[in-house]
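# Observations on the model geometry
Spelled out from the first residue to the last, the chains are:
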Amino acid sequence: MDENHTNVEQELAGDGPDTLMRLTDVWKIYKMGDVEFAALKGVDLEILHGEFVVILGPSGSGKSTMMNLLGCLDIPSKGVVELNNRDIAQMKESELAQIRGQLIGFIFQTFNLLPTLNTIENVMLPLEFQEADPDHSWKRAEQLLDIVSLGDKKYNLPSQLSGGQRQRVAIARSLAVDPKVILADEPTGNLDSETGNYILEFLSNLHQKEGKTIIMITHDPELTKYADRVVHIKDGMVDNIEIIKREAM
Ligand SMILES: Nc1ncnc2c1ncn2[C@@H]1O[C@H](COP(=O)(O)OP(=O)(O)OP(=O)(O)O)[C@@H](O)[C@H]1O
């Protein structure tokens, strides 16, 4: 087994330190011709394995920029982003792709379902990328659709589902490879409050019962109620970090 392979296996197993991700003096500077814009300005942040962290900030504060770094979709202009103590800027693209495909489940505000694939095909997609056995993928997708109460909508196209149902398909898809981390960008942004609440409770359940690390990005303070910590960001900087102490349930 080569060294890179071993490293990815460790990343995926979550072996090692308590800290899943560490951002140290992270800057992201976008260049538009001669003009530069600093979207993140020296962010320091640690995310622990098994935490539910909400990153909260107004529009333009740098949340999506941060999500791209936490999701290993981008690297910083300055500073270091580490995943299990390894600098992501030093990893090969193939290794980052494997991490994105197996360690992290992504959920987006706009659901990002493929319109020409039906519900079960959308859920199976990440497994197909991992070249999983098709029978196994089908069974796993069926099981996940049952979990999100959409067992009877397997053959519907996304256009034949409500917004809340589409987001439940997207959640089932994000869980297909059983990732350790769920990265959710405004997951309830396009949903009414009742449906949004269902999605939030579902994520909280994944955190409490299955120990998944949940990183959720939002502008809405109402969505912080299940978080262990809330990271407030403002103008590309961490304004403060709030630790939520909940009554024992
Ligand atoms: N590719 C880019 N080129 C130039 N500037 C960018 C780019 N992407 C983002 N920005 C700028 O960086 C800042 C932070 O953007 P970002 O999308 O991270 O904010 P956000 O908090 O996610 O906002 P929203 O809640 O509105 O999605 C904004 O001022 C934005 O205009």
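Relevant structure appears above.
All of these numbers come straight from a predicted model, not from anything done at the bench.

### Looking at the packing of helix 6 (residues 163-175) against helix 7 (residues 193-210)
- Following both chains from N to C, one finds helix 6 and helix 7 inclined at 15 degrees, their axes separated by 10 Å at the closest point. By the angle between their directions, the pair helix 6 and helix 7 is classed as roughly parallel. As helix 6 runs across helix 7, the sense of the crossing is right-handed. In contact with Gly164, Gln167, Arg168, Ile171 and Leu175 of helix 6, helix 7 contributes Thr195, Tyr198, Ile199, Phe202 and Leu206.
- Residues that form the contact of helix 6 with helix 7 fall into these classes: six nonpolar, three polar and one charged.

### Let's talk about helix 4 (residues 119-129)
- Of all 11 residues making up helix 4, eight are buried, and the element is well covered by its neighbours.
- If you follow the buried residues of helix 4, they end up packed against helix 5 (134-147) and helix 6.
- Near the N-terminus of helix 4, the side chain that reaches the backbone nitrogen of Ile120, with its oxygen 3.3 Å away, is that of Asn118.
- Backbone geometry just downstream of helix 4 places Glu131 in the positive-phi region, at approximately 55 degrees.

### Considering the sheet that holds strand 1 (residues 19-32)
- Taken in spatial order, the four strands of this open sheet run 2-1-4-5, and their pairing is antiparallel. Two strands bound the open sheet, and with one partner strand each, they are strand 2 (35-48) and strand 5 (86-87).
- Across 11 bridges, strand 1 lies against strand 2 in antiparallel orientation. Paired with Val26 across the bridge in strand 2 is Val43.

What counts as what
- Residues numbered from 1 in each chain as written.
- Predicted model: local features only at pLDDT ≥ 70, side-chain atom pairs only at ≥ 80, totals over all residues.
- Heavy atoms only, no water.
- Axes fitted to C-alpha atoms, helices over the stretch in contact; angles between N-to-C directions.
- Helix = DSSP H or I, 4+ residues; strand = E, 2+ residues; numbered from the N terminus.
- Parallel < 35°, antiparallel > 145°, perpendicular 65-115°, else oblique.
- Left-handed = near helix turned anticlockwise from the far one by under 90°.
- Contact = heavy atoms within 4.5 Å.
- Nonpolar A, V, L, I, M, F, W, Y, C, P; charged D, E, K, R; others polar.
- Buried < 20%, exposed > 50% of the residue type's maximum accessible area, 1.4 Å probe, protein only.
- Polar contact = N/O pair within 3.5 Å; in protein donor to acceptor, adjacent residues only side chain to side chain.
- Pairing = 2+ DSSP bridges.

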